[in-house]
Amino acid sequence: MVHYPQWKAVLVLLACLAGMLYALPNMIPKSTLEQLPRWLPARQVSLGLDLRGGSHLLLEVDVNAVRTERLNSILDGVRTALRAAKGGYVNLGITGDAVTFKLRDPSERDTLLSTLQGVDNEAAVTMTPDGDGVVRLSELAVAARRKAAVEQSIEIVRRRIDETGTREPTIIRQGEDRILVQLPGVDDPERMKALLGKTAKLVFRLVDLRATPVELTSGRAPAGSEILFEESRQPGQPPVPMAIQRRVIVSGENLVDAQATFQNGEPVVSFKFDSIGARRFGDTTVENVGKPFAIVLDNKVISAPVVREPILGGSGVISGSFSVQSAQDLALLLRAGALPAPLTVVEERTVGPGFGADSIAAGVNASILGGVLVVGFMLVAYGLFGIFANIALFFNMVLIVALLSALGATLTLPGIAGMVLTMGMAVDANVLIYERMREEIRNGRSVIAAVDAGFQRAFATIIDSNLTHVIAGVLLFGLGSGPIRGFAVTLVIGIATSIFTAIMVTRLLIVRWLMWTRPKALPI
């Protein structure tokens, strides 16, 4: 006997109403949505890069730079340890993936070996009887550093993009050392490349006043310093070489804020240190009044002001040849933090909004045509029951849009294809149910018995057929990327909603029709 409990009917109706409520914001302009009460659903389906236009960037993390930086750190540690132990050495440097050196006096081997063991917990120190020493990082440590560098780079890239106000960016890891970035609606990809490509390692160092003009011109720096260049403020003039001490006073890790502002009518960047950075910076300026210090960004001197008086407040200003845009970009980079390794753009694509509009129009036209054909077929093939199936199909599409909106999913062109495919698949369940009813009627069953058998005996077939599609969708989502995953998400959501509407909504309509009309025959 066909039976549909009242509580189940109420739940089905509430689900359909909730779907319409969550899908409705996609039909309302954003300006209107902002004026509605906050408790009402207001999320819209986000359009992907191929529909909205924007930039597609594939970035590669220079993981070798991470290893090189770590080896340089170990080299400095070895030098400091040997000097503290008063051990003589020569040929200290980096050879391949290890730090190498040679002791002047091999008899000091045992004493210095124990001293060097504490230089780095992740490095192994070996030394031959002749005094040839090697400090090598373990492969496990190198792999861990590379993984951490990529994960940290993804986080920094996300912060930088969020600072620009870009909405719904896609930032995912691809392979071992690559990052896929999709920026819908971004019409200035060159600026984004510049922002993402800068390492943005900011350090404050003292200028080495021991260097002579001859040494600066020849590129030779005193011990403990290096030659860096400052852009000339005179147009057309070459960069100015400066000797900068290698010792870092304060780094960008101690910054807590950076903002673009104006000083004497010129764009500048104001910054503020945390308590540790403020103390270090203040102590250094107290000891070096009257001497210049350098503000270095990615091994380039931005400016080298002279310390006029101690700076004890933990804040200051970076001045230079900034435009308003460059000052804002530098402040953005400093707030987001420095990348652990350089990023290079290995692939770039730009999708114009016109192409996206054409894609949307093609998708809409395909959806309308597919919908008309499906609705027409159901009407011709099943009459009144075809109308019930079409009502269920309408709610199916509403629920798909509602779930995409609620989940914050991004709709792509393959996603639209998934929705069109779902329309055809959604009525498959109705076809199976209705054909089963016809078969039962031909076998002499009554109307109610035929309807009941149609739903019960077609249920297993419906589940089996849709389960294979779900498996395919899950595999596409797990193994695919970008648009393929968008298609998979839409497909799986569409399968779930089509089962719900075909079985629950259609059955509710048919049961109510049977109760109201008490028909002698089925109109199919």
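Cut-offs and rules
Residues numbered from 1 in each chain as written. Predicted model: local features only at pLDDT ≥ 70, side-chain atom pairs only at ≥ 80, totals over all residues. Heavy atoms only, no water. Helix = DSSP H or I, 4+ residues; strand = E, 2+ residues; numbered from the N terminus. Expected span 1.5 Å × (residues − 1). Buried < 20%, exposed > 50% of the residue type's maximum accessible area, 1.4 Å probe, protein only. 1 Å grid on protein atoms, 1.4 Å probe; cavity = no way out; pocket = protein on both sides within 12 Å on 5 of 7 lines; lining within 4 Å. Points joined across faces, edges and corners; volume = space filled by probe spheres on them. Contact = heavy atoms within 4.5 Å. Phe/Tyr/Trp six-rings, centres within 6.5 Å; stacked < 30°, edge-to-face > 60°. Core = buried A, V, L, I, M, F, W, Y, C linked by side-chain atoms within 4.5 Å. Pairing = 2+ DSSP bridges. Axes fitted to C-alpha atoms, helices over the stretch in contact; angles between N-to-C directions. Nonpolar A, V, L, I, M, F, W, Y, C, P; charged D, E, K, R; others polar. Patch = residues over 30% accessible without salt bridge, like charges linked within 9 Å, V, L, I, M, F, W, Y side chains within 5 Å. Areas by Shrake-Rupley, 256 points an atom, 1.4 Å probe, with all protein chains shown as cover. Salt bridge = Lys/Arg side-chain N within 4 Å of Asp/Glu carboxyl O.

Peer 1: Kindly report on helix α6 (residues 139–163), identifying the contributing residues and their values.
Peer 2: Here α6 spans 36 Å end to end across 25 residues, near enough to the 36 Å set by a 1.5 Å rise per residue. Turning to α6, its buried residues are Ala141, Val142, Ala149, Val150, Ser153, Ile154, Ile156, Val157, Arg160 and Ile161. Immediately beyond the C-terminal end of α6, within one or two residues, lies Gly165, with a positive phi of roughly 85°.

Peer 1: Describe empty space enclosed by the protein, naming the residues involved and giving the relevant values.
Peer 2: To locate leftover empty space, one rolls a probe as large as a water molecule over the atoms. On inspection of all chains with the given rule, the structure shows one cavity of 30 Å³ or more. Roughly 40 Å³ of internal volume is contained in the largest cavity. No other element matches the four residues that helix α4 (residues 63–84) contributes to the lining of the largest cavity.

Peer 1: Outline the side chain of Thr285, supporting the account with residue identities and numerical values.
Peer 2: Looking at the secondary structure, you find Thr285 in helix α9 (residues 275–287). Excluding its chain neighbours within four sequence positions, the residues that come into contact with Thr285 are Val307, Pro310 and Ile311.

Peer 1: Run through the packing of aromatic side chains, naming residues and quoting values.
Peer 2: According to the stated counting rule, one finds 13 aromatic pairs in the structure shown. Ring centres 5.6 Å apart and planes at 70° place the aromatic pair Phe204 and Phe281 in the edge-to-face group. Of this pair, Phe204 sits in strand β9 (residues 202–206) while Phe281 sits in helix α9, and the two are 77 residues apart along the sequence. Both residues of the pair, Phe204 and Phe281, count as buried.

Peer 1: Would you mind going over the nonpolar core in detail, with residue names and values included?
Peer 2: Core analysis: the largest hydrophobic core is formed by 48 residues, its most contacted members being Val157, Val181, Leu202, Phe204, Val269 and Ile318. Excluding its chain neighbours within four sequence positions, the residues that come into contact with Ile318 are Leu202, Val268, Val269, Phe271, Ile295, Ile302 and Leu334. Among the nonpolar cores identified, the runner-up in size contains 35 residues, and Val45, Ala409, Ala429 and Tyr434 belong to it.

Peer 1: Give a detailed account of the sheet that holds strand β16 (residues 300–303), specifying residues and quantitative values.
Peer 2: With respect to topology, six strands assemble into an open sheet ordered β11-β10-β16-β15-β9-β12, the strand pairing being mixed. The open sheet has two edge strands with one neighbour each: β11 (240–245) and β12 (250–251). The pairing of β9 with strand β15 (residues 293–297) spans five bridges and is antiparallel. Paired with Leu206 across the two strands is Phe293, which belongs to β15.

Peer 1: Account for the pairing of strand β7 (residues 170–174), naming residues and giving values.
Peer 2: The pairing of β7 with strand β8 (residues 178–184) spans five bridges and is classified as antiparallel. Opposite Arg173, over in β8, you have Ile179 as the bridge partner. Hairpin connection between β7 and β8: a loop of three residues separates the two successive antiparallel strands, and Gly175 in this loop has a positive phi of roughly 75°.

Peer 1: Run through the sheet that holds strand β13 (residues 255–263), naming residues and quoting values.
Peer 2: Read across the open sheet, the three strands follow the order β13-β14-β17; overall the sheet is antiparallel. Sheet topology places β13 and β17 (315–318) at the edges, where each strand pairs with a single neighbour. In this sheet, neighbouring strand axes are inclined to one another by 25° on average, regardless of whether the strands run parallel or antiparallel. Relative to strand β14 (residues 266–273), β13 runs antiparallel, the two sharing eight bridges. Within β14, the residue paired with Gln259 across the bridge is Ser270. Against the sheet, helix α10 (residues 324–336) contacts β13, β14 and β17, and its axis sits at roughly 170° relative to β13.

Peer 1: Outline the layout of surface pockets, listing residues and values.
Peer 2: The computed volume of the largest pocket comes to approximately 1,800 Å³. Around the largest pocket, the lining comprises 45 residues; the ones closest to its centre are Glu69, Lys201, Val203, Arg205 and Val248. Residue assignment for the lining of the largest pocket shows that the elements contributing at least two residues are α4, α6, β9, β13 and α10. Here the element with the most residues in the lining of the largest pocket is α4; it accounts for 12 residues. What lines the second largest pocket is a set of 22 residues, among which Asn26, Met27, Met397, Val401 and Met419 lie closest to the centre. If you list the elements that add at least two residues to the lining of the second largest pocket, you get α1 (6–23), α11 (353–382), α12 (384–407) and α13 (413–442). A per-element tally of the lining of the second largest pocket places α12 first, with six residues. In the lining of the second largest pocket, the residues fall into 19 nonpolar, three polar and no charged.

Peer 1: Can you tell me about a nonpolar patch on the surface, naming the residues and giving the values?
Peer 2: Nonpolar side chains collect at one region of the surface, where Trp7, Val10, Leu11, Leu14, Leu17, Met20 and Phe394 lie side by side and expose about 730 Å² of accessible area between them. The element contributing the most residues to the nonpolar patch is α1, with six residues. Examined against the element boundaries, Leu14 turns out to sit in helix α1.

Peer 1: Go over unusual backbone geometry with me, naming the residues and quoting the values.
Peer 2: Phi is positive for Lys86, which is not a glycine, with a value near 55°. With respect to the element layout, Lys86 can be found in the loop between α4 and β3 (89–95). A residue is classified by how much of its surface remains accessible, and Lys86, at 73% relative accessible area, is exposed.

Peer 1: Break down the pattern of salt bridges for me, with residues and values.
Peer 2: For the structure on display, the rule yields 15 salt bridges. For Arg436, the salt bridge is made with Glu440, and the minimal N-O distance between the two is 3.3 Å. Remark: Glu440 and Arg436 occur in helix α13; sequence separation between them is four residues, near one turn of the helix. Using a relative accessible area of 3% as the deciding quantity, one classes Glu440 as buried.

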